[in-house]
Each structure stands twice: as structure tokens, then as C-alpha cells.
Amino acid sequence: MTLHNIKVFCAVYEEGSMSRAAVRLNMTQPGVSKVVSDMERYYENVFFVRRNKRLYLTDAGKQLYKDSKTVLQAFSRLENNAAHSQKTRSIVLGCTSGIGFSMMTDVLLKFRRKYPDCKLYLRDSSSRRIREMVLSGTCDVAMVQHSDTDPRLHQEPFCRNELVAVCSPLYRLRSDKKILSLEDIVNEDLILLEKDRATRILIDNLAMEHNYVLNPIWTSSSPSNVKELAAKGEGVAILFEIQVRNELQSGKLVRIPIDVSITSNFFILHRSDIWLSEEQQYLISLCREYAP
């Protein structure tokens, strides 16, 4: 058994097929198949069974996968410790726009005080894109809106936030109720994120549960644009509280009381096969500390 065998075995399981594992490992499909066959022959056991064109682990395969991940993580730790005897020089932090950068000012300030020689780079994108960056190694640590079942990712919730309806103090609501219903909100001029954004999916799902159809007058891929349009009095925006916290505190936007509540977990993630440096662990602790 070699580390190469272990990596091939784990890739086959995680990708669900030998052809996809071959692409991931930059190998040929016959080469991947031979590694698995040699392992099964050497140990006189069957590790994979095929059902509906997808490979699944046998009980022996599940145990081997569990042990293999332990070995790979230990080896990654060994390499990381050997290669980083000096302090970490830079960290790339991915942050989905759903979380916003309102909390990041304090995080960056405190981090730089403790590690002035460690350069911190921020990358703002969608949750899907951020995950791809983490898996490819172009992003070290990330904060996203939704969890994922990919075994290559270690992820855990670090905060929970609520969606809020906001508008300009000068915007005139169609309803004069003190607390608006979902129907009242639907009848307002809505400013929402585009349909593929996680925030919008939550709103659409709630509307469908109550048989309402959303017809926003503005849609945008940028939470900043949504906030600006609402602040100019163009309509009612629905975003996570963390995204509009500064505007609510400054009075640029006001919160509209509504009788429904939507909350969602946010997750910190990194690759499961890496060992976090002291600086990366401190950065994660700060994200937890300043999370809403």
C-alpha cells in the first residue's frame, strides 16, 4: 500500500466513478482501475460494488476509506509542518456575499494587530464558486451560506442570521399596518437578488409555501446594489440582517416589522485534508467572535 494507492482509492469513492477520479488525478481510467484491482487482489477483498452506473463502498471499503482519510490527513499535517516552519505569510479568505463584509472590518483589524506580517486576501463570490476555490487550493478558509456533502470539505456552522425587510425612511409603504404580513410584502415594490442566489432561494421557497408569486421590480446579483436601490426609495429589499447592519445603524435604511421569520446557518469551511496553521485557526476564531 502506498500513498498513491490511497489517494486513488479515496478519489474513486469521492467522485463516484473511475473516469471522474482519473480526470481529478490526471491519470488514465485504466490506470485508476488497475490500482483498485491491485488493492483488492492484494488484500483479497472487495472494496467497491457498482449500482446504477455508480460505485459504492462495501463494508470493507468503508473501513478502508475511513482509515485512508486518517492517513492522508496525517501526511498532510506532516507536509504542512515541514513546509511551514516559519510563520504563514498569507491567507486567502473566501466570503460569500450573503455574509457581507460588515463584520470583516473588525476581524481584519484584530488579525493584523496580532499577525502584522501575514497578508490577508479576501475573495467575495457565490457559495458555489467559493467552494470550488477551496477545493482547488486557491482559497484557504471560507465562509458560505449553505453546507455541502462533499467529503473533501470540512465544514461547521459558525453563526445564524435572519432575513429582514428594509426600505428607505422616506419610502411610503402601501400598507399602514404596524406589522406587515407576507402578502403585504409581496404587494410592495420588491428589490431582490437574482434567482440563483442563496438568499433569493430562501425567499422564493417561503413565497411558494404560501402560494404567492414574487414579481420584483429590480433584481441584482449584488447585495450592495440591492441596498443602494432601497436606500434611494425605489422599494423594499429583503436581505440578511448582517448585510444591512451598518445601514440600519446609520439610519440609511429602516427595518420593516413582518410576521414571518426566515433564518439560515452560515458555515466555515476548509479542505478536510489540510492542517490549519496557527494564523488560520486564529482567523477562524475571530470570524466566530464577530459573527452576529
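Residues numbered from 1 in each chain as written. Predicted model: local features only at pLDDT ≥ 70, side-chain atom pairs only at ≥ 80, totals over all residues. Heavy atoms only, no water.

As recorded in an unreviewed UniProt entry, the protein chain goes by LysR family transcriptional regulator and comes from Treponema parvum. Per UniProt, the protein chain carries the Sequence similarities (unreviewed entry) text "Belongs to the LysR transcriptional regulatory family." (UniProt positions renumbered as here; feature names shortened; annotations may be inferred.)

S.K.: Looking at this structure, I do not really get unusual backbone geometry. What am I missing?
M.R.: In most cases, non-glycine residues show a negative phi, while peptide bonds are predominantly trans. Even without glycine at this site, N26 takes up a positive phi of about 55°. As for its placement among the helices and strands, N26 is situated in the loop between α2 (18–25) and α3 (29–43). On the basis of relative accessible area, N26 is assigned to the exposed category, the value being 73%. The phi torsion at N211 lies on the positive side, around 60°, for a residue other than glycine. (Helix = DSSP H or I, 4+ residues; strand = E, 2+ residues; numbered from the N terminus. Buried < 20%, exposed > 50% of the residue type's maximum accessible area, 1.4 Å probe, protein only.)

S.K.: Would you mind going over α3 with me for this structure?
M.R.: Since one α-helical turn is 3.6 residues long, residues separated by three or four positions face the same way. Between its first and last C-alpha atoms α3 spans 22 Å; for 15 residues at 1.5 Å apiece the expected length is 21 Å, and the two agree. For α3, the complete set of buried residues consists of V32, V35, V36, M39 and E40. Considered in projection along α3, the buried side chains sweep an arc of 125° and stay on one side of the axis. Facing away from the buried side of α3 by over 90 degrees, the exposed positions are P30, K34, R41 and Y42. The residue sitting at the N-terminus of α3 and contributing the capping side-chain oxygen is T28; that oxygen lies 3.1 Å from the backbone nitrogen of G31. Just past α3, the residue E44 takes up positive phi, approximately 55°. (Expected span 1.5 Å × (residues − 1). Arc of directions from axis to C-beta. Polar contact = N/O pair within 3.5 Å; in protein donor to acceptor, adjacent residues only side chain to side chain.)

S.K.: What is the right way to read the packing of aromatic side chains from this model?
M.R.: In this description, a pair of aromatic rings is defined by centroid distance and the angle of the planes. In this structure the tally under the stated criterion is nine aromatic pairs. Note on Y43 and F47: the rings are 6.4 Å apart at their centroids and 65° apart in plane angle, and the pair reads as edge-to-face. Three or more aromatic residues link up through ring pairs in this structure, and these residues are F9, Y42, Y43, F47 and F48. The side chain of R51 reaches across the aromatic face of Y56, ending 5.7 Å from its centre. A cation over an aromatic ring shows up here: K114 above the ring of Y282, its NZ or CZ 4.3 Å from the ring centre. (Phe/Tyr/Trp six-rings, centres within 6.5 Å; stacked < 30°, edge-to-face > 60°. Lys NZ or Arg CZ within 6 Å of the ring centre and 35° of its normal.)

S.K.: Teacher, can you tell me more about the pairing of strand β6 (residues 153–167) here?
M.R.: Walk down a regular strand and you will see the side chains alternate between the two sheet faces. One ladder, built from nine bridges, connects β6 with strand β11 (residues 263–271); its direction is antiparallel. If you follow R160 over to β11, its bridge partner there is N265. Direction of pairing for β6 relative to strand β9 (residues 236–240): antiparallel, over a ladder of four bridges. Paired with V166 across the strands is A237, a residue of β9. Here β6 runs beside strand β10 (residues 254–256); their pairing, made up of three bridges, is antiparallel. By the bridge assignment, A165 is partnered in β10 with I256. (Pairing = 2+ DSSP bridges.)

S.K.: Got a minute to help me understand the packing of helix α1 (residues 3–15) against α2 in this structure?
M.R.: Angle between the axes and distance between the axes: these two values describe a pair of packed helices. Here α1 crosses α2 at 125°, and the two axes come no closer than 8 Å. By the angle between their directions, the pair α1 and α2 is classed as oblique. Once α1 is placed against α2, the crossing between them reads as right-handed. Here α1 contributes K7, V8, A11, V12, E14 and E15 to the contact with α2, which in turn contributes M18, R20, A21, R24 and L25. Tallied by class, the residues present in the contact of α1 with α2 amount to six nonpolar, no polar and five charged. (Axes fitted to C-alpha atoms, helices over the stretch in contact; angles between N-to-C directions. Parallel < 35°, antiparallel > 145°, perpendicular 65-115°, else oblique. Left-handed = near helix turned anticlockwise from the far one by under 90°. Contact = heavy atoms within 4.5 Å. Nonpolar A, V, L, I, M, F, W, Y, C, P; charged D, E, K, R; others polar.)

S.K.: Would you explain the packing of helix α5 (residues 104–114) against helix α11 (residues 278–290) in this entry?
M.R.: In the contact formed by α5 and α11, the axes pass within 10 Å of each other and the chain directions differ by 145°. The way α5 lies across α11 gives a crossing that is right-handed. Residues D106, V107, K110, F111 and K114 of α5 form the contact with α11, whose own contacting residues are E279, Y282, L283, L286, C287, E289 and Y290. For the contact of α5 with α11, the per-class residue count stands at seven nonpolar, no polar and five charged.

S.K.: Before we go on, may I ask you to explain the environment of T28 in this structure?
M.R.: Of note, T28 is situated in the loop between α2 and α3. C-alpha separation for the pair T28 and R54, spaced 26 residues apart in sequence, amounts to 18 Å. Within the structure, T28 has its side chain in polar contact with the backbone nitrogen of G31 (distance 3.1 Å).

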